[in-house]
Structure formats: C-alpha cells, structure tokens
Amino acid sequence: MIYAVAGLAVLAAAALVNALFTLAIVRGWRATIAASASAAHSPATAPPVLAVQEGDHTPAFTLHTPRGDVTESALAGHPALICFLRPDCGPTRNSLPVIERWAQANTRSGARLVAVISAEAPDAVPLVEAVGPLTGFVATEPPNGPVARAFGVRHHPSFVLLDADGTVTETGIGQGSLPALDHLSA
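Residues numbered from 1 in each chain as written. Predicted model: local features only at pLDDT ≥ 70, side-chain atom pairs only at ≥ 80, totals over all residues. Heavy atoms only, no water.

1. A short note on the packing of aromatic side chains
Part 1 of the argument: In this structure the tally under the stated criterion is 2 aromatic pairs.
Part 2 of the argument: Aromatic rings pair up to connect F61, F84 and F151 into one cluster. (Phe/Tyr/Trp six-rings, centres within 6.5 Å; stacked < 30°, edge-to-face > 60°.)

2. Thoughts on the environment of G174
Part 1 of the argument: Structurally, G174 is set in the segment after β7 (168-173).
Part 2 of the argument: For G174, a relative accessible area of 15% translates into the label buried.
Part 3 of the argument: In the structure, G174 is positioned 17 residues away from P157 in sequence and 5.1 Å away in space, judged by C-alpha atoms.
Part 4 of the argument: Leaving out residues up to four positions away in the same chain, G174 has contacts with P157 and F159. (Helix = DSSP H or I, 4+ residues; strand = E, 2+ residues; numbered from the N terminus. Buried < 20%, exposed > 50% of the residue type's maximum accessible area, 1.4 Å probe, protein only. Contact = heavy atoms within 4.5 Å.)

3. What to know about unusual backbone geometry
Part 1 of the argument: In this chain, H156 is followed by P157 through a cis amide linkage whose omega measures -10°.
Part 2 of the argument: Phi at N144 is positive, roughly 60°, even though this residue is not glycine.

4. A word on the sheet that holds strand β5 (residues 137-141)
Part 1 of the argument: Spatial strand order, β5-β4-β3-β6-β7: 5 strands in an open sheet with mixed pairing. Looking at which strands have only one partner, the edges of the open sheet turn out to be β5 and β7. Neighbour-to-neighbour, the strand axes of this sheet turn through a mean angle of 15°, independent of strand direction.
Part 2 of the argument: Alignment of strand β3 (residues 80-85) against strand β4 (residues 112-118), held across 6 bridges, turns out to be parallel. Along β4, the bridge assignment pairs L81 with L113.
Part 3 of the argument: Lying over the sheet, helix α2 (residues 90-106) contacts β3, β4 and β6 (158-162), oriented at roughly 165° with respect to β3.
Part 4 of the argument: Contacts from helix α3 (residues 121-131) reach β3, β4 and β5, with the element oriented near 170° to β4. (Pairing = 2+ DSSP bridges. Axes fitted to C-alpha atoms, helices over the stretch in contact; angles between N-to-C directions.)

Next up, the structure:
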C-alpha cells in the first residue's frame, strides 16, 4: 500500500511539472506571436520610399557614361526619366517595355532618359545592351553607388521623373510603379 501511495505522489509531481512546463511554453509562444504581430504593423514594414519626393529639386550627382559625365545641371532644360535598374532583378526586366515606350514617345522632343545600372561591369552587359539603344545616358555603378545614394535608392527598379527645371514630378519603386509613364510626354 505504501508503494501505491508513493507511486501516485511521484505521478502527481510529474504531472504538475509537466503542466508548469506546458504553461511556460504557451506563454512564450503567445509573446512571440504578439511581438511578430506588432512588428508587422510597425513603420519598419512601411512601403519603401526614395530620398527624393515630388516637389524636391534634383540632388547633385555625377554619372560617368561612355558619352561623358551626366550631372543634374546637364539635364537642366529637359524633362528626364532616371531609371535605377539591376540586371538580376525580374521586375527590372519586366519594366523595360514601359521604359522603351517612354523613350520612344519623349526623347524625340528633347526629354532625357538616364539609366543607372547597379552592378559590376561584366554582370551589367545584357542590361546595358537592352537599354543602350534607348539612350546615350547609361552607366553602371557598384551596388549602392554614389548616384543611387544621392537619390536614396535601395530597391530596384526605381524611377525618378523630372520636369525641365529639375523638379521631381513623380517617383516610383518596383515594376509598374509609374503607370503614368505610359501617358506622359515631354
């Protein structure tokens, strides 16, 4: 009889310890779920933005192209579309037809298309060949290069549309981010 009582006491103690461990795990799990839910609604997951916004003036930059340097002052007097592209980016490749349509509709009247390709030279060759016929203002720079930093570009493709006086009229990040490009003309 004494063994039965001792066995029941050990079994009750084991069940109590198990219940306490289960309670601790459930509390930890709930805390983790609550933390991830609040992180999902934090500003850190806000849509990406560029450093330049509508109404800003073009930041100072120098882009070294085969035709020479392109600066913000070289674009003065001409509307311009500055595209930040990356060769290993699907949305960049999918944006090329829209960029081409914009170039065909606007560059004849004096607008400028500037393509900044974020990649080392060998990796950038296919994208340079795709964009090169559309503009003479195409150049590569290392990822997070000086021109991308001047505009605050961290995602590709990114677009900045400028009017003739160098004021930013529209910005966009990602494929289809500037649907107005299909309707704009210089």
